[in-house]
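# Coordinates in review
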Amino acid sequence: MLTVYEYAQAKRLPELWLRQHLGLQDGLIIPYWDDQKKLVAVRYRLSLDGAKRFLWRSGDKPIPYGLWRTRTRIRSTILVEGESDAQTLWHFGYPALGIPGAASFKSDWVKYVIGRPYVVREPDSGGETFVRKLAEAISPVYVIDLHGHKDVSAMYLAIGDNEFRRVFDHYLSLAEPVVAEDVQPKTQRGKDFLDIVQ
């Protein structure tokens with residue numbers, strides 16, 4: 001059983017903050033509250049790594065993670081894959097929403113995205129899927145690349161407290177607008193090329 005203490009140590013986040021402000025409990029139980037702080041879903045993190053890390057409570061429907069957080073007077077929303085990346089950004093004061101899975105973004109979640117939409121692209125096929133799903137729903141999205149880091153949490157663990165904000169702000173300033181046509185699946189891009197040639 002994964003404890004909040006173990007998770008806090010692994011992610012270098014304050015245990016008390018994770019418990020009191022984000023509602024994490026030993027087990028590792030992660031509450032998903034809506035914008036009225038009503039509990040809508042629960043996700044269990046079974047381990048820090050491995051293939052089977054997450055499990056939803058039976059019958060729950062996923063929503064973006066972080067809807068309950070005060071989101072007034074913000075000019076942008078940073079969309080990331082999963083809870084730990086969102087938690088890391090909140091720890092440094094950034095307005096973020098965690099999407100539970102690269103392919104899980106739903107078009108009716110657009111209403112939760114306030115201001116300019118940024119998306120962190122992870123350097124794998126899931127990252128491409130994540131950007132494509134978001135660009136199909138919101139156009140344009142501004143894509144943040146982390147230049148060699150797997151994700152926001154991994155970047156924080158690699159560079160630490162003192163450098164995180166400076167480096168992340170730099171990557172944020174380099175974010176490029178992307179529309180759905182820019183991120184078609186490779187098979188579709190090939191088909192379009194054949195249509196042009198023929």
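Computed from a predicted model, the values in this text were never measured in an experiment.

Reading the values: rules and limits
For every chain, the first residue of its written sequence is number 1, and the numbers climb from 1 along that sequence. Two thresholds apply to this predicted model, a pLDDT of at least 70 for residue-level local features and 80 or more for giving and counting side-chain atom pairs, whereas whole-chain, interface and lining totals are computed over all residues. For side-chain calculations, the full set of non-hydrogen atoms in the structure is used, while hydrogens and water are omitted. Two strands make a pair as long as DSSP finds a minimum of two bridges between them. Helix and strand definitions follow DSSP, with helices as H or I runs of at least four residues and strands as E runs of at least two, each counted in order from the N terminus. Fitted lines through C-alpha atoms serve as axes, helices being fitted only where they are in contact, and the angles separating the N-to-C directions of these axes extend from 0 to 180 degrees. An angle below 35 degrees is treated as roughly parallel, one above 145 as roughly antiparallel, one from 65 to 115 as roughly perpendicular, and anything else as oblique. In what follows, a contact means two residues having at least one pair of non-hydrogen atoms within 4.5 Å. Note on handedness: a crossover is taken as right-handed if, strands pointing away from the viewer, the path from the first strand over the helix to the second is clockwise. Across the chain, each position has a pLDDT score giving the predictor's confidence in that residue, from 0 to 100. Residues belong to a common nonpolar core when they are buried Ala, Val, Leu, Ile, Met, Phe, Trp, Tyr or Cys residues joined through side-chain atoms within 4.5 Å. Any residue under 20% of the maximum accessible area for its type is buried, any over 50% is exposed, and the rest in between are partly exposed; the area is computed with a 1.4 Å probe on protein chains only.

## Looking at the sheet that holds strand β6 (residues 116–121)
Sheets are built from strands that pair by backbone hydrogen bonding, the pairs being arranged parallel or antiparallel. Ordered in space as β5-β4-β6-β7-β8, the five strands form an open sheet in which the pairing is mixed. Both edges of this open sheet fall to β5 (96–99) and β8 (176–178), since each of them pairs with a single strand only. In this sheet, neighbouring strand axes are inclined to one another by 35° on average, regardless of whether the strands run parallel or antiparallel. The sheet contact formed by strand β4 (residues 76–81) and β6 spans four bridges and is parallel. What sits directly across from Ser 76, in β6, is Arg 116.

## Some points on the packing of helix α3 (residues 83–91) against helix α5 (residues 152–159)
Running from N to C, α3 and α5 cross one another at 55°; their axes reach a closest spacing of 7 Å. In terms of axis orientation, α3 runs oblique to α5. Between α3 and α5, the residues in contact are Ser 84, Asp 85, Thr 88, Leu 89 and His 91 and Val 152, Ser 153 and Tyr 156, respectively.

## Regarding the pairing of β6
Direction of pairing for β6 relative to strand β7 (residues 141–145): parallel, over a ladder of four bridges. Looking at β7, one finds that Val 120 is bridged to Ile 144. What joins β6 to β7 is helix α4 (residues 125–137), and the crossover it makes is right-handed.

## A look at the confidence of the model for the protein
Mean pLDDT over the protein stands at 90; residues scoring 70 or higher make up 91%. When pLDDT is averaged over each element of the protein, helix α2 (residues 15–20) comes out on top at 98 and helix α7 (residues 186–197) at the bottom at 46. Across residues 187–198 the pLDDT falls below 50, and counting only partners more than four positions away or on other chains, this stretch makes three contacts in the model.

## A word on the nonpolar core
Counting residues in each nonpolar core, the largest one holds 59 residues, and the members touching the most others are Ile 78, Ile 144 and Phe 168. Looking at this core, the element that brings in the most residues is helix α6 (residues 161–173), giving five residues. Excluding anything up to four places from it in sequence, Ile 144 contacts Ile 78, Tyr 118, Val 119, Val 120, Arg 121, Phe 168, Tyr 171, Leu 172 and Ala 175.

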